[in-house]
Structures are given as structure tokens and as C-alpha cells.
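Okay, here's what each chain looks like letter by letter:
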Amino acid sequence: MKILFVSLGCDKNLVDSEVMLGLLRDRGHEITNDENQAEVIVVNTCSFIHDAREESIQTILEMAAMKTEGVCRLLIVAGCLAEKYRAEILDELPEVDGVIGTTAYDAVCDVIDRSLAGERVQAFESVDRLPLVKTKRVITTGGYSSYLKIGEGCDKHCTYCIIPKLRGNYRSVPMEYVLEDARMLAASGVTELNIVAQETTTWGKDIYGEKRLHELLRALCRIEGIRWIRLLYCYPEEITDELIEVIRTEPKICHYLDMPIQHSSDRILKRMGRRTSRKELEEVIGKLRREIPDIALRTTLISGFPGETEADQEDLKSFIQTIQFDRLGVFTYSPEEGTPAAAMENQIPEDVKAERRDELMALQQRISEEKTGNMVGKVLKVLVEGRIPEEGIYVGRTYRDAPDVDGYVFLDAEEEIISGDFVTAKITGADEYDLTGEVLYEFTE
């Protein structure tokens, strides 16, 4: 069968999609990007916030039209939306032939087989199950950069978050599975690993009784072919001295940390169910910058959480101004059905949420402009991702830039560069988020 995959939402979901694609390829199916040729369409959905649900539903409806306009015979819905609305999807969308829950994605081949036989299939397991699949993933991120998922679910149970209900409590992927996946990625040409989970910093605690992310990272650094390892989704209260030391001393680990904090007001942090205070946040950030002076820190914030006052907004603004994050994103609070925060009093009007978000982003824009300006004149290693033919320039990322969420470097080069190459570049210009530069010579270890 010719199968089209549409993967929505986060990078963890993308890894699940790549595993499913690998299983389908191993079964002999053909993967296509042409929806007009697809005989089976699988939509791997997101349901984290309202906008993500709307995108998932709209995509399902668009793909459902291919059953009358194209050659599509089956439409399968997987992921978080399927997990949350398993019965409703089959009841209200007759075009859907099967649904697959978040922890049953390894059943994708069976679901397709049964659906072809005329059955409307529901494939669900306990949300605390951890599928351990040994297959070569189909890489969808360009061939040289990939996400490496080391855990599933979350134990934090923040009051605004639906993830524990959709994906269960935190389960670490055992080290041998992580390393095997990483070796397969390296053998296929991947040179950058982006480490992901709902939270990466507690890796190993459920298996070994203690956090062992630092040990896993050292083992990953020994894999031949891997040149960059980037850490995403590190909760500040779980960052250990051992983790800081391994980031500082292992040359392959980017001096970059994604550390979602959500807020700085102690009152709002408590209402969110977060496990840090402003003082503790400032302490861990201070330690990171003392030990790793050139570290790039990214965070995400929530604007307009229930009960947030103007004083809380001012606290957040002063925190941003004090800390000077290298990268920062702000989301307006989205009330999620079934979470404690959705039932809290003093919900904030949407226009106020948006106004506060824009105020924070305007502040960060000024900080970011100063940060990028300070990079002018520096010489940095750049991973080249492609070329803009009409402008004759190359596009790449430095160690300070995670895929899809951070800035780019636009490069002039006298010689042709292949996507995935590392080059050394002198930074010659900057705007609020991006850099320009010129290639000096091809980077070698």
C-alpha cells in the first residue's frame, strides 16, 4: 500500500511517527508524500492546547476528503487527540477507519490490516505502557539532524497540563534502546541529536533509582559520527551538578539548554503546581552561567494564567530583564478540559492574555537584538541546512540554535556546501533573531 503520514504537534510525536513509518516500511508498504496517490493516510495528532486540537481536527477533515477525491481507502487517526477522544472520533467522523492511542503506535501495521478487512479498529493500551520498538526509523528531519526520545509521559502533574492523562507517568527508555536508536541514526548519516522527552532531566530515575542523564550523555558522546548533542526540556529543579559537568566537559554536547520555567512569580508558580521559586530559578541559572559562560539558555512562559495580576506580570518582566534569556517564547494560557487550572477562579480574558504576551515578547525582542549584536565578529561552527537559490546564500544554525524554534545564520560562501556539512563562519551582521556571516573554511574536528 502507498501510505501518507501527517505528523502534527511536538517533536516527541514526530519520533512516534518515524517509528510507525519504519514499521510500515519493514512490512513492505511504500511511503508517499503525495496525498493524491496515498491509499492509506495516517494523521498523528496533537491535543496539547486548543489551537493544536483545532489544527488536528481540520487536518483530519482535509484528509477525509481524499477518500472521495483521491484513491485513499483508509484514514487512521493516531496520537493525543485519538487518546483523548477515542469514541467521539469514530462516532462523529465516519470517514475514520481506525484510531490508535499514544502508547499503541506499535500496532499501526495490525490496525491497517484489520481496517482493510472491513473492521473499524480501536488500538489502545494503558497510558503507562512504554512501547519498545527495535526498528530503523524513517527520518523526516533532513537526514543529518534528528530527535532522540529518551522518555515518555510526565510525573509533574502541573495544574494546566493534560499530558499525564494522555501519555501517562514518566517512563525512561532503557539505555540499551536509546543507544541502539542513536547508533542507527548515526549509521544513516545523522550528525546532530536533539534529546527530547516530556522532561529529559529525570531520565533513569524510574529504572535505576536515581537520575542518570549525565551517564547516558557520556555514552551517546562515544558514538562515532555524532558531532552535536543538544538537550531540550530540562526542568530547572532537576538539573544536577553532574549534568552541568557533562555539558561543560564533553565537546559534542552543545552549550545550550532548553529549560521551560513557565513563570517567575512565586504565587503563580505555586498555582501552576511548579516545583521552583524565583530565587531557585535565579540560583540554577546563575550556576549554569558560572560553570558554562557561553551557554545559550532557552525558556518558555505562560501568559495569563488564572489569577495572574498586573503585579505578577511586572514580576515576570523584571525577571526577564534580570536573567536576559538568549531564547524565549511566550504562550497564552489555554484552559484544558480535565485539568485543575481550567476550573480555577479568575480566568483571564483572551485580550488581556494576548496583551501581556505581546508585552513580554517586545521586551525579549530588545534583549535578543542585543544578544545577537554581541555575536558580530565572533567565529562559530555552523551546521548548514540548505541554500536559498534566488539569493545565492546558505542557511544554517549555530550551537545556540535548536531546529525549528530558534534563529538562523545566513551565509555567503565562495564554494558549494552540501546540506549537513559543518563549516566555520565569521559573523558579520545581526538582527533581532538571526545572524549573517561568511564562510571561512570547512570545519574539521
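Data block above holds the structure.
Chemist: Tell me about the packing of helix H13 (residues 278-291) against helix H14 (residues 310-323), residues and numbers included.
Modeler: Running from amino to carboxyl end, H13 crosses H14 at an angle of 15°, the nearest separation of the two axes being 12 Å. Comparing the axis directions of H13 and H14 gives the class roughly parallel. Crossing handedness for the pair H13 and H14: right-handed. Where H13 abuts H14, its residues Arg 278, Leu 281, Glu 282, Ile 285 and Arg 289 lie against Asp 315, Ser 318, Phe 319, Thr 322 and Ile 323. Class assignment for the residues of the contact of H13 with H14 results in four nonpolar, two polar and four charged.

Chemist: So what about the sheet that holds strand S10 (residues 192-196)? Which residues, and what values?
Modeler: Taken in spatial order, the six strands line up as S7-S10-S11-S12-S13-S14 in an open sheet, and their pairing is parallel. A single partner strand is all that each edge strand has here, and the edge strands are strand S7 (145-149) and strand S14 (327-332). Adjacent strand axes in the sheet meet at a mean angle of 20° when their direction is disregarded. Inspection of the sheet shows strand S12 (residues 253-258) paired to strand S13 (residues 296-303) by three bridges, in the parallel sense. Counted as the bridge partner of Tyr 256 is Ala 296 from S13. Sitting on the sheet, helix H8 (residues 175-187) is in contact with S7 and S10, with an inclination near 170° to S7. Sheet strands touched by helix H15 (residues 350-373): S13 and S14. Its angle to S14, the strand with the most contacts, is close to 175°.

Chemist: Pulling in residues and values, what's your account of the side chain of Arg 397?
Modeler: The topology assignment puts Arg 397 in strand S16 (residues 393-397). On the accessibility criterion, Arg 397 (0% relative accessible area) is buried. Of note is the side chain of Arg 397, whose polar atom sits 2.9 Å from the backbone oxygen of Asp 401. Ignoring any residue separated from it by four or fewer positions in sequence, one finds Arg 397 in contact with Ser 145, Glu 192, Trp 228, Arg 230, Lys 381, Val 382, Leu 383, Glu 385, Ala 402, Pro 403, Gly 407 and Tyr 408.

Chemist: Hey, could you go over the pattern of salt bridges for me, with residue numbers and the actual values?
Modeler: Oppositely charged side chains may form a pair once their charged atoms are brought near each other. Overall, the coordinates contain 44 salt bridges when judged by the stated rule. The salt bridge partner of Arg 137 is Glu 18, with a shortest N-O separation of 2.7 Å. A residue pair is termed long-range when its members are at least 10 positions apart, and Arg 137 in the loop between strand S6 (121-123) and S7 and Glu 18 in helix H1 (residues 11-26) qualify at 119 residues. We note that Arg 137, like Glu 18, is buried. A salt bridge links Asp 106 to Arg 129, with the nearest nitrogen and oxygen atoms 2.7 Å apart. Here Arg 129 lies in the loop between S6 and S7 and Asp 106 lies in the loop between strand S5 (98-100) and helix H6 (108-116), a separation of 23 residues in the sequence. Overall, the relative accessible area of 29% leaves Asp 106 in the partly exposed class. By relative accessible area, which is 28% here, Arg 129 ends up partly exposed. It is possible to trace a salt-bridge network through shared partners that takes in Lys 156, Glu 199, Lys 211, Glu 237 and Glu 238.

Rules used throughout
Residues numbered from 1 in each chain as written. Predicted model: local features only at pLDDT ≥ 70, side-chain atom pairs only at ≥ 80, totals over all residues. Heavy atoms only, no water. Axes fitted to C-alpha atoms, helices over the stretch in contact; angles between N-to-C directions. Helix = DSSP H or I, 4+ residues; strand = E, 2+ residues; numbered from the N terminus. Parallel < 35°, antiparallel > 145°, perpendicular 65-115°, else oblique. Left-handed = near helix turned anticlockwise from the far one by under 90°. Contact = heavy atoms within 4.5 Å. Nonpolar A, V, L, I, M, F, W, Y, C, P; charged D, E, K, R; others polar. Pairing = 2+ DSSP bridges. Buried < 20%, exposed > 50% of the residue type's maximum accessible area, 1.4 Å probe, protein only. Polar contact = N/O pair within 3.5 Å; in protein donor to acceptor, adjacent residues only side chain to side chain. Salt bridge = Lys/Arg side-chain N within 4 Å of Asp/Glu carboxyl O.

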